[in-house]
Amino acid sequence: MLTNRKGCCMFENLQGFFASTTGQMITVGMIVVFFALILIPGKGQKSKKPDAKALTVSALMVALAMGLNQLTLFRMPQGGNITLLSMLPIAICAYLLGTRRGIMAGICLGLLDLIFHSYVIHPVQFLVDYPFAFGALGIGGILRDHKNGLVKGYLLGLFGRYLCAVFSGTVFFGAYAPEGFSPLTWSVWYNLTYLGIEGIITVIIISLPPVKKALEGLKKQM
């Protein structure tokens, strides 16, 4: 948690800014920019025209993630929820379209989450908790061509988001650590609880043969 009073005063209006009409308009503008970046063809694509299919798939995955994020199975007392597969769509996006587009889609999801569930106390915390944490879900795209690439990619993306959560919890919310815990130790275990449970549920589901076969077939079509 921030302890510097001068620093707290300097950034105490950030929450109000992101909740304001101006802040939300700027956030929407950033979302549009990142979606536009998804249109840029990848290096391996023959056509140099904007890739409308990639944009459509990415937008659908972001929308699905937003919808699933509303299906909360358990709400943690100090932030963080166990949801019904809400991180999976971005991993699927990276699996189908590659790392760059997966990260861009994740950033768009993070900025959308900022609009609906903003809690900002510092510029670095904003970056870590929203674009970085959600964008990290797309880094698993680097494993998309490996055996069991979706499962491995999902776990890699989940680990990236976990690291962001641990960092933010330690630096910005360490004051909430119970007596007997250091901020780092508490953040490590607290964030592992809800992210780990959702991760286990998700891996079990995407490892089911029918689900795995369907997603592999979709990847071939893409």
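Conventions we followed
- Residues numbered from 1 in each chain as written.
- Predicted model: local features only at pLDDT ≥ 70, side-chain atom pairs only at ≥ 80, totals over all residues.
- Heavy atoms only, no water.
- Pairing = 2+ DSSP bridges.
- Helix = DSSP H or I, 4+ residues; strand = E, 2+ residues; numbered from the N terminus.
- 1 Å grid on protein atoms, 1.4 Å probe; cavity = no way out; pocket = protein on both sides within 12 Å on 5 of 7 lines; lining within 4 Å.
- Points joined across faces, edges and corners; volume = space filled by probe spheres on them.
- Nonpolar A, V, L, I, M, F, W, Y, C, P; charged D, E, K, R; others polar.
- Expected span 1.5 Å × (residues − 1).
- Buried < 20%, exposed > 50% of the residue type's maximum accessible area, 1.4 Å probe, protein only.
- Contact = heavy atoms within 4.5 Å.
- Polar contact = N/O pair within 3.5 Å; in protein donor to acceptor, adjacent residues only side chain to side chain.
- pLDDT = per-residue confidence, 0-100.
- Arc of directions from axis to C-beta.
- Patch = residues over 30% accessible without salt bridge, like charges linked within 9 Å, V, L, I, M, F, W, Y side chains within 5 Å.
- Areas by Shrake-Rupley, 256 points an atom, 1.4 Å probe, with all protein chains shown as cover.
- Salt bridge = Lys/Arg side-chain N within 4 Å of Asp/Glu carboxyl O.

Caption draft 1: Layout of the pairing of strand β1 (residues 72–75). With three bridges connecting them, β1 and strand β2 (residues 81–83) associate as antiparallel partners. Residue pairing across strands places R75 opposite N81, the latter belonging to β2. In this antiparallel pair of consecutive strands, β1 and β2, the connection spans five residues, and G79 shows a positive phi of 100°.

Caption draft 2: Quick look at the layout of surface pockets. Its boundaries defined by the atoms lining it, the largest pocket holds a volume of some 1,000 Å³. As for the largest pocket, its lining consists of 35 residues, and the residues nearest its centre are Q78, G79, G80, N81 and Y194. It is helix α9 (residues 183–206) that provides the largest number of residues to the lining of the largest pocket, a total of seven residues. Taken together, the residues of the lining of the largest pocket break down into 15 nonpolar, 15 polar and five charged.

Caption draft 3: Looking closely at helix α4 (residues 52–69). Between the first and last C-alpha of α4 there are 26 Å, a value that for 18 residues agrees with the 26 Å anticipated at 1.5 Å per step. Taken together, the buried positions of α4 are A54, V57, S58, M61, V62, A65, M66 and L68. Buried positions along α4 lie against α3 (21–39), β2, α5 (88–97) and α6 (99–116). The N-capping residue of α4, defined by a side-chain oxygen 3.3 Å from the backbone nitrogen of K53, is D51.

Caption draft 4: Examining the environment of F74 more closely. Take F74: it is sitting in strand β1. Here the alpha-carbon distance between F74 and N13, two residues 61 residues apart in the chain, equals 30 Å. When near neighbours in sequence (up to four residues on either side) are disregarded, F74 contacts N81 and I82.

Caption draft 5: Examining the confidence of the model for the protein chain more closely. Mean pLDDT over the protein chain stands at 92; residues scoring 70 or higher make up 93%. For the protein chain, helix α1 (residues 5–11) is the element with the lowest average pLDDT, namely 50, and α5 is the one with the highest, namely 98. Here residues 1–8 is a poorly scored stretch, pLDDT under 50, and it has 13 contacts once near neighbours within four places are set aside; other chains count.

Caption draft 6: α3, seen in detail. In this model, α3 (19 residues) spans 27 Å end to end at C-alpha, consistent with the 27 Å of a helix rising 1.5 Å per residue. Residues G23, T27, I31, F35 and I38 constitute the buried set of α3. Along the long axis of α3, the arc covered by the buried residues comes to 115°, so they all point the same way. Exposed positions of α3 whose direction lies more than 90 degrees from the buried face are T21, M25 and V32. Along its buried surface, α3 packs onto α2 (14–19), α4 and α6.

Caption draft 7: Just a nonpolar patch on the surface, in detail. Taken together, L71, L73, F74, L84, I197 and I201 make up a surface patch of nonpolar side chains, about 490 Å² in accessible area. Secondary-structure elements contributing two or more residues to the nonpolar patch are β1 and α9. By the secondary structure assignment, L71 is in the loop between α4 and β1.

Caption draft 8: Summary view of unusual backbone geometry. A positive phi is found at L85, a non-glycine position, where the angle reads about 65°. Following the sequence through the fold, L85 ends up in the loop between β2 and α5. In this model, N148 sits at a positive phi of 55°, which is unusual for a non-glycine residue. Structurally, N148 can be placed in the loop between α7 (123–135) and α8 (149–171).

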